[in-house]
Amino acid sequence: MLNFTDVTEFILLGLTSHRELQVIFFVIFLIVYVITIVGNVGMIILIKVSPQLSSPMYFFLSHLSFVDVWFSTNVTPKMLENLISETKTISYASCLVQCFFFIALVHVEVFILAVMAFDRYMAIGNPLLYGSKMSRFVCIRLISFPYIYGFLTSLAATLWTYGLYFCGNIEINHFYCADPPLIKMACAGTYVKEYTMIILAGINFTYSLSVVIISYLFILIAIPRMHSAEGRRKAFSTCGSHLTAVVIFYGTLIFMYLRRPTEESVEQGKMVAVFYTTVIPMLNPMIYSLRNKDVKEAMTKVISTACLAK
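The following refers to the structure shown. (Residues numbered from 1 in each chain as written. Predicted model: local features only at pLDDT ≥ 70, side-chain atom pairs only at ≥ 80, totals over all residues. Heavy atoms only, no water.)

In the structure shown here, the tally under the stated rule is 19 aromatic pairs. Relative to Phe101, the ring of Phe100 lies with its centre 5.2 Å away and its plane at 80°, an arrangement referred to as edge-to-face. What makes Phe100 buried here is its relative accessible area of 19%. Here the aromatic rings of Phe175 and Tyr176 are separated by 5.2 Å at their centres, their planes lie at 65°, and the arrangement is edge-to-face. You'll find Phe175 and Tyr176 in the same group, each marked buried. Taken together through their ring pairs, the aromatic side chains of Phe71, Phe102, Phe175, Tyr176, Phe249 and Tyr276 make up a single cluster. (Phe/Tyr/Trp six-rings, centres within 6.5 Å; stacked < 30°, edge-to-face > 60°. Buried < 20%, exposed > 50% of the residue type's maximum accessible area, 1.4 Å probe, protein only.)

A side chain of one charge can pair with a side chain of the opposite charge when the charged atoms of the two come close. For the structure on display, the rule yields three salt bridges. The partner of Glu81 in a salt bridge is Lys78, with the nearest N and O atoms 3.4 Å apart. Of this pair, Glu81 and Lys78 are both found in helix α2 (residues 56-84), three residues apart, which corresponds to roughly one turn of the helix. For Asp179, the salt bridge identified is with Lys193, shortest N-O distance 3.0 Å. Taken together, the positions of Asp179 in helix α6 (residues 179-185) and Lys193 in helix α7 (residues 190-222) put the pair 14 residues apart, joining distant regions of the chain. (Salt bridge = Lys/Arg side-chain N within 4 Å of Asp/Glu carboxyl O. Helix = DSSP H or I, 4+ residues; strand = E, 2+ residues; numbered from the N terminus.)

Read across the sheet, three strands follow the order β3-β2-β5 without closing on themselves; strand pairing throughout is mixed. Two strands bound the open sheet, and with one partner strand each, they are β3 (89-91) and β5 (171-172). Relative to β5, strand β2 (residues 9-12) runs parallel, the two sharing two bridges. Following the sheet pairing, Leu12 is matched in β5 by Ile172. (Pairing = 2+ DSSP bridges.)

Turning next to the state of the cysteines. In total, this model carries one disulfide according to the counting rule given. A sulfur-sulfur distance of 2.0 Å marks the disulfide that ties Cys95 to Cys177. Between Cys95 and Cys177, the disulfide has an S-S torsion of -120° and is therefore left-handed. Here the residue Cys95 occupies a position in helix α3 (residues 92-125), and Cys177 occupies one in the loop between β5 and α6, the gap between them amounting to 82 residues. Here the two residues Cys95 and Cys177 agree in accessibility, since each one is buried. Distance from the sulfur of Cys99, which forms no disulfide, to the nearest cysteine sulfur (Cys95) is 4.7 Å. Here Cys139 stays unpaired: no disulfide links it, and the sulfur of Cys239, its closest cysteine neighbor, is 16 Å away. (Disulfide = S-S within 2.5 Å.)

Functional significance is not addressed by these values, which are geometric in nature.
This is the structure we're talking about:
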C-alpha cells in the first residue's frame, strides 16, 4: 500500500481522450480563460479608478473579481497544458497545492457572496445609517473573515487529503485535483476524508447561504417601503445581479460536494466542475456590469476619457 507522499505523480484523465475534441476544448477554454482574466482584472481597475464606484458594494465586488481570477488560474492553465500534452501528469506536491487553493478559494467566494448580501441589506434596509455602519474599517473586517476562514478550513481539509492511501492506481478521473475523484480512487483513509468533506461543505454552505437568505428576506420587506420608484428599480437591479451569481455558484457546488463520491457522481461532477471553474468566473463581471447602471456609466466615462487622451 502506497502512502500519498510515496506517490510521485498522478495522471489527470481530463475531459476526454479523443484528440480532436481535446484540440477543440483547448481553443474554447483558452478563449474563456482570456475573457475571464481581462473581464475580472478590468472590473478591479474600473472600481479603483472610478469615484462613483467607491461604495462598499463595489469594494466587495472587486474582491470577488480578485478571487475569480485566482480561482480560474488555479485550474485552467494546467487543464490547457494537459489538453495539448501527451503526458497528462501532475506531481503529488502540485496536486496538494491545487487542492489547497481550490478549497480555500471556494470558501472565500461563498462567504464574499454572503457578505455582499449583508451589504445589500444594510444599503436598502438602513440607507440613512449605511455610511456610518459600513465604514471602511468595518468593510475591511468583513472581507478579512472569508480569507482567514477559507484558508484555515482549506489547510485542515488538505491535511485530510494527505491522509489518503493509494494502492497503485494513480489515474484521477478529472481535469484537476478534486476531492471526490481522489476519494474514489483511494483504497484506505477515505472514511474520515469523505465525511469531513460532506460535513464541512454542508456546514459552510448552509451557514453562508443562511446569511444570504435572511438578508434577502429583510430586503424584500424593505423594498416595498421605499418611496422612490428609481430607488426600487436600482435595488432590484443590484440584488438581481447578486442573486444570479449566488444561484449559479451555490447550485453547482452543492451538486458537486454534498453527495458521496461514486463513479457516476464523479463523472457528472466533472462536467459541472467545468462550469464553476471556468464559466462562472467569466460570467461574474458580465452579470454585475450588464445589469448595473453605475458600472456601465463608469465604463463609458473611462473609455471616453481614454479616447480623448489620445
